Amino acid sequence: MKLRTPMPEITGATEWINGEVTRDDLVGDKPTLFHFWSVSCGMCKEAMPQVNQFRDDYADELNVIAVHMPRSEKDLDLDQIKEVAAEHGITQPIFVDSEHKLTDVFENQYVPAYYVFDAEGNLRHFQAGGSGMKMLTKRVNRVLGK
């Protein structure tokens, strides 16, 4: 997905955990961070405390949506997804993307991966990998006008 691309519709979830959101719920309100992760991704689990801290620090200024992107058949176990989400304190809405519908729309190939959209719903930043929360913080602050 190229920078400045409008946020796609958020459809095709196998299931939602922690509540469901639509594109209309997000655009026009405040910037949004999409965080792609997978239960089989060790780097995702290592990064989770930082993502949660980030979510909590920006709670009033930023929407945070988790997208569970399975990397293998083993990653399709919904109970395991819920268990790992609970273990790691993922309280934001989780789009369970077992059929890669949102993953394909985002053209995402990585976990963890982060997509930051501005309040108007345009993609302003993308990054992949477990580290780089400083860069993510800098980009989010720029979108927030800080």
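For the structure itself, look to the data block above.
Residues numbered from 1 in each chain as written. Predicted model: local features only at pLDDT ≥ 70, side-chain atom pairs only at ≥ 80, totals over all residues. Heavy atoms only, no water.

## Focus: the packing of helix H2 (residues 42-57) against helix H5 (residues 133-143)
For step 1, the next point in the chain: It is the contact of H2 with H5, at a shortest axis distance of 11 Å, that shows an interaxial angle of 20 degrees. Our classification of the angle between H2 and H5 gives roughly parallel. With respect to the hand of their crossing, H2 and H5 are arranged in right-handed fashion. Across from Gln-50, Val-51 and Phe-54 in H2, the residues of H5 making contact are Met-133, Leu-136, Thr-137 and Val-140.
For step 2, the next point in the chain: Taken together, the residues of the contact of H2 with H5 sort by class into five nonpolar, two polar and no charged. (Axes fitted to C-alpha atoms, helices over the stretch in contact; angles between N-to-C directions. Helix = DSSP H or I, 4+ residues; strand = E, 2+ residues; numbered from the N terminus. Parallel < 35°, antiparallel > 145°, perpendicular 65-115°, else oblique. Left-handed = near helix turned anticlockwise from the far one by under 90°. Contact = heavy atoms within 4.5 Å. Nonpolar A, V, L, I, M, F, W, Y, C, P; charged D, E, K, R; others polar.)

## Here we look at helix H3 (residues 78-87)
Residue pairs three or four apart in sequence face the same way in an α-helix, which turns once every 3.6 residues.
For step 1, the next point in the chain: Restricting attention to buried positions, one finds in H3 the residues Ile-81, Val-84 and Ala-85. Projected down its long axis, H3 carries its buried residues within an arc of 100 degrees, all on one side. The exposed residues of H3 that point more than 90 degrees off its buried face are Asp-79, Ala-86 and Glu-87.
For step 2, the next point in the chain: Packed against the buried residues of H3 are strand S1 (15-17), strand S2 (32-37), H2, strand S3 (63-68) and strand S4 (94-96).
For step 3, the next point in the chain: Phi turns positive, to about 70 degrees, at Gly-89, one or two residues after H3. (Buried < 20%, exposed > 50% of the residue type's maximum accessible area, 1.4 Å probe, protein only. Arc of directions from axis to C-beta.)

## A closer look at unusual backbone geometry
For step 1, the next point in the chain: A cis amide bond, omega -10 degrees, links Val-111 with the succeeding residue Pro-112.
For step 2, the next point in the chain: Here Pro-112 shows up in the loop between helix H4 (101-106) and strand S5 (113-117).
For step 3, the next point in the chain: Positive phi is not limited to glycine here, since Arg-4 has a value of about 75 degrees.
For step 4, the next point in the chain: Take Arg-4: it is sitting in the segment before S1.
For step 5, the next point in the chain: For Arg-4, a relative accessible area of 55% corresponds to the exposed category.
For step 6, the next point in the chain: Despite not being glycine, Asn-18 shows a phi value in the positive range, around 70 degrees.
For step 7, the next point in the chain: Within the secondary structure, Asn-18 is located in the loop between S1 and helix H1 (23-26).
For step 8, the next point in the chain: Overall, Asn-18 belongs to the partly exposed group, its relative accessible area being 40%.

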